[in-house]
Amino acid sequence: MNRPGRLRRAGLSVLAGLCILAAGAGAVAEPRVIDLALRDGTLPADRRVVRVQQGDDITLRWTTDRPLTLHLHGYDIEEKLVPGPPVVMRFTARATGRFPIETHDASGAERTVGYLEVHPR
Amino acid sequence: MTARRHWTPLAAWAVLALSAPRSALAHGIGQRYDLPIPLWLWVTAAAAAVALSFAIIGLFVTASPGVRGDWRVNLLRLPAGRLLADGRTRAAARAVAVALLALILVACLLGDQSPTRNIAPTAIWVAWWVGFAYLSALVGNLWAVTNPWSAIFGWGQALLGSRRAALRYPAWLGAWPAVMLFVAFAWIELVFTGRTIPAQLGVLIIGYSLLTWTGMALFGRTAWLRQGDPFGVAFGVLARFAPTEIRVTDRDACRRCGHACPGPDGSCVDCGECFDRASPSRREWNLRPFGAGLLESGDISPSMVVFVLLLLSTVTFDGFTATPAWSRLERALYASLIPLGEARLTLIGTLGLLVFPVVFLLVYLLFARGMAWAAGDPLSTATVARRFVLSLVPIAIAYHLAHYFTYLLIQGQLMIRLVSDPLGLGWDLFGTARYRPDIGIVGARFVWYTAVIAIVLGHVIAVYVAHAVALREFPDRRAALRSQLPMLVLMVGYTAVSLWIIAQPIVESR
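Residues numbered from 1 in each chain as written. Chains lettered and ligands numbered in written order. Predicted model: local features only at pLDDT ≥ 70, side-chain atom pairs only at ≥ 80, totals over all residues.

**Quick notes on the overall build of chain B**
- Looking only at helices and strands, chain B has 21 helices and 4 strands in total.
- Here the C-alpha atoms of chain B give a radius of gyration of 23 Å, agreeing with the 24 Å that 2.2 N^0.38 yields for 510 residues.
- Each principal axis of the C-alpha distribution contributes one length, and for chain B these read about 75 × 60 × 50 Å.
- Counting every position in chain B, which comprises 510 residues, the buried fraction comes to 47%. (Helix = DSSP H or I, 4+ residues; strand = E, 2+ residues; numbered from the N terminus. Rg over C-alpha atoms; globule rule 2.2 N^0.38 Å. Buried ≥ 20, exposed ≤ 12 C-beta atoms within 10 Å, placed from the backbone.)

In structure tokens form, the structure reads like this:
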């Protein structure tokens, strides 16, 4: 008597799990707004890897304390930054991968300031 | 406030990104955007590699699986096979290869000098070097058939009359020229910052051409290609894994085309020149099991052992230089070598490139000693080292496939744009000059599973090949099986290193 009940419960939870999985697979893109502040051309240590999910609508809001040019590789988005109000990079994270974000300053020096990681759902 | 998306050609950026001597190490040209494989997949794959290793041991302990290494189907018996391997088809393929070489050289010398507006850097590093490695391992030794330097030399001989080689290739020289030249090539690929500058590549191509033709004139075309030429030897090693081979079963014909060719049974495998000269009835184009060519290790000299380990170690080194561990090591060395100034990054890269093969060689010789000892020393360590070195090749091929999979699919798309404007002069020959690579061509999950399955399969084939070689080489079954325990430890370790690298986030050096 106990047994069928347990089976039914197990069955139900499997079903519920599948529903959650299905919901996850068909999940609508989530808007993600991420603030990134460059100080002296670098990001704080906890901001050097930006993790998002595939399909998300991403808004990166950049501020800086000195002028430089930013380039997000792969998605190939370039922005010129100057001190002042934030500059925005907006895109849909359609491709998975780990994409370097590079800065270039007036002297031509380049450095990788961080990475955008787009993980599969 | 609005996001401006610049759909400027990748070119403009890559010019800045690649021409400045900035990132110390990154293979060839362009970047890889792979996500690291997740921990659970790493653990599952490592466990699968270990479990399947024991399954293979079990197979060899409980039964003698008929090693199907000699299974062959001659494709020349099929009309389609005859057409593909026809002399005219091969001549046409060679003519195309020579035309492409000429185009690349012209692009290097006369084209736009930015690395991604000119076809040469992408054609050389992505299409040829990575592409031919894939083809060699997964299809067959196409380089032996299409090598344009060999073709041009052959045409020269046809025009000027074929002369005997000035010298007999000395046996003591072995594959040492190929070893030296491959070290130089690996340094250019992985360390030299000028590798993406077309003019520099042009100079390198001219230098390589002179060297190659001199070697061919001195020692004979085939002798040089099989022992002196780094690419002939490298693609040859990879192609031993491939499921096809070209074979000439005429002892005399094989002996005539160069003493480097005939195998132990007198027939010669993957020798383009012998194949061209042999009578059609003595030619075979065989389908064979993957890895079958690795079982034939009778012709492996000590210098070839070094070459194979060099090839394996540079592939691993390439992956290792993109890991955070290397990045930390490089930063530490960089900080401690301040007096050396700007040359530091090159120096650190060069050191790494030299240390890796030495470590590979020492570790392999240690395990070869272990194998000989475990078997009760019926064979010397040197003999064991020569007989078993090829069995490591599948692990390297698998890692190579995993490492370059998305790179080839994404960076390879640049060729679509470049063929329309190979010199970067603003042409649009095929209407594809504005093509923009699709970075989403494959998803991360697909890449992860492909990479992990390739690595585990490569490991399984390697363990199988090593067992098959052991049963043939050691006097009794017990000794053969015992010899494989140290080998298994080595192979599991090597596979674990491959998996570890693809589980690391890719970081740009400095």
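This is not the end of the story, as more comes after the structure.
**Notes on the overall build of chain A**
- Of regular secondary structure, chain A possesses 1 helix and 8 strands.
- Secondary structure elements of chain A, listed N to C terminal, follow the sequence α-β-β-β-β-β-β-β-β.
- Looking at chain A residue by residue over its 121 residues, the buried ones come to 25%.
- Partitioning the contacts of chain A with sequence separation of at least 6, the portion at a separation of at least 24 is 63%. (Contact = placed C-beta atoms within 7 Å.)

**Points about the confidence of the model for chain B**
- For chain B, the average pLDDT comes to 90, and 92% of its residues sit at 70 or higher.
- Of the two predicted TM-score estimates for the complex, the pTM is 0.89 and the ipTM is 0.85. (pLDDT = per-residue confidence, 0-100.)

**Considerations on the nonpolar core**
All names here are of chain B.
- Core analysis: the biggest nonpolar cluster contains 146 residues, and Cys-274, Phe-307, Val-308, Ala-451 and Ile-455 have the highest contact counts within it.
- Ranked by residues supplied to this core, first place goes to helix 20 (residues 444–473) with 18 residues.
- Not counting residues within four places of it along the chain, the set of residues in contact with Val-308 comprises Val-237, Val-389, Leu-390 and Val-393.
- By size, the runner-up hydrophobic cluster in this structure holds 8 residues, among which are Phe-153, Tyr-169, Phe-219 and Trp-224. (Core = buried A, V, L, I, M, F, W, Y, C linked by C-beta atoms within 7 Å.)

**Side note on the sheet that holds strand 3 (residues 268–269) of chain B**
Residue and element names in this part refer to chain B.
- With antiparallel pairing, 4 strands are arranged side by side in an open sheet as 1-4-2-3. At either margin of the open sheet sits one strand with a lone partner, and together these are strand 1 (73–74) and strand 3.
- The pairing of strand 2 (residues 244–248) with strand 3 spans 2 bridges and is antiparallel. For Val-248, the partnering residue across the bridge sits in strand 3 and is Cys-268. (Pairing = 2+ DSSP bridges.)

**Points about the sheet that holds strand 3 (residues 57–64) of chain A**
All names here are of chain A.
- What the 3 strands build is an open sheet, ordered 1-3-6; its pairing is mixed. A strand with exactly one partner marks an edge of an open sheet, and here the two such strands are strand 1 (31–38) and strand 6 (87–92). On average, adjacent strands in this sheet sit at an angle of 20° to one another, irrespective of strand direction.
- Bridge count for strand 3 against strand 6 is 6 bridges, and the pairing is antiparallel. Note on strand 6: the bridge partner recorded for Asp-57 is Thr-92. (Axes fitted to C-alpha atoms, helices over the stretch in contact; angles between N-to-C directions.)

**A closer look at the packing of helix 4 (residues 87–110) of chain B against helix 5 (residues 119–138) of chain B**
Residues and elements named next belong to chain B.
- For the pair helix 4 and helix 5, interaxial distance at closest approach is 8 Å and the crossing angle is 135°. Classed by the angle they form, the pair helix 4 and helix 5 counts as oblique. Contacts between helix 4 and helix 5 involve Ile-104, Ala-107 and Cys-108 on the former and, on the latter, Ile-119, Ala-120, Ala-123 and Ile-124.
- Considered class by class, the residues forming the contact of helix 4 with helix 5 number 7 nonpolar, no polar and no charged. (Parallel < 35°, antiparallel > 145°, perpendicular 65-115°, else oblique. Nonpolar A, V, L, I, M, F, W, Y, C, P; charged D, E, K, R; others polar.)

**Quick word on the environment of Arg277(B)**
All names here are of chain B.
- The topology assignment puts Arg-277 in helix 13 (residues 272–277).
- Classification of Arg-277 as partly exposed rests on a count of 16 C-beta atoms within 10 Å.
- Taking the C-alpha atoms as reference points, Arg-277 and Val-384, separated by 107 residues in sequence, lie 35 Å from one another.
- Contacts of Arg-277, omitting those with residues within four sequence positions, involve Ala-253 and Cys-257.

**Quick word on the pairing of strand 4 (residues 68–72) of chain A**
All names here are of chain A.
- The two faces of strand 4 differ: Leu-68, Leu-70 and Leu-72 on one face are buried, but Thr-69 and His-71 on the other face are not.
- Bridging between strand 4 and strand 5 (residues 77–81) involves 5 bridges; their strand directions are antiparallel. Within strand 5, the residue paired with Thr-69 across the bridge is Lys-80.
- As defined by bridge partners, strand 4 adjoins strand 7 (residues 97–104) across 4 bridges and the pair is classed as antiparallel. Across the sheet, the residue bridging to His-71 is Glu-102, located in strand 7.

**Considerations on unusual backbone geometry**
- At Asp40(A), a position not held by glycine, the phi torsion is positive, near 55°.
- Mapped onto the elements, Asp40(A) comes out in the loop between strand 1 and strand 2 (49–53).
- Here Asp40(A) falls in the exposed class, since 7 other C-beta atoms lie within 10 Å of it.
- The phi dihedral of Asp270(B) is positive, around 55°, even though this residue is not glycine.
- Checked against the element boundaries, Asp270(B) lands in the loop between strand 3 and helix 13.

**Topic: helix 21 (residues 477–502) of chain B**
- Counted at 1.5 Å a residue, the expected span for helix 21 of chain B with its 26 residues is 38 Å, and the 37 Å between its end C-alpha atoms agrees.
- If you look at helix 21 of chain B, its biggest bend is around 30°, right at Pro486(B). (Expected span 1.5 Å × (residues − 1). Bend = angle between axes of the 7 residues up to and from the residue.)

**Quick word on the environment of Gln157(B)**
Residues and elements named next belong to chain B.
- Relative to the assigned elements, Gln-157 resides in helix 7 (residues 148–160).
- Overall, Gln-157 belongs to the partly exposed group, with 14 C-beta atoms counted inside 10 Å.
- Sequence separation of Gln-157 and Ala-217 is 60 residues, and the distance between their C-alpha atoms is 9.7 Å.

**Remarks on the confidence of the model for chain A**
- Of the residues in chain A, 77% have a pLDDT of 70 or more, and the chain-wide mean is 83.
- Confidence drops under pLDDT 50 across residues 18–26 of chain A; counting only partners more than four residues distant or on other chains, this segment forms 2 contacts.

**Things to note about the environment of Ser391(B)**
Residue and element names in this part refer to chain B.
- Checked against the element boundaries, Ser-391 lands in the loop between helix 17 (381–388) and helix 18 (393–411).
- It is 5.2 Å that separates the C-alpha atoms of Ser-391 and Ala-462, two residues lying 71 residues apart in sequence.
- In this structure Ser-391 touches Leu-294, Ala-462, Val-465, Ala-466 and Val-469, once residues within four positions along its chain are discounted.

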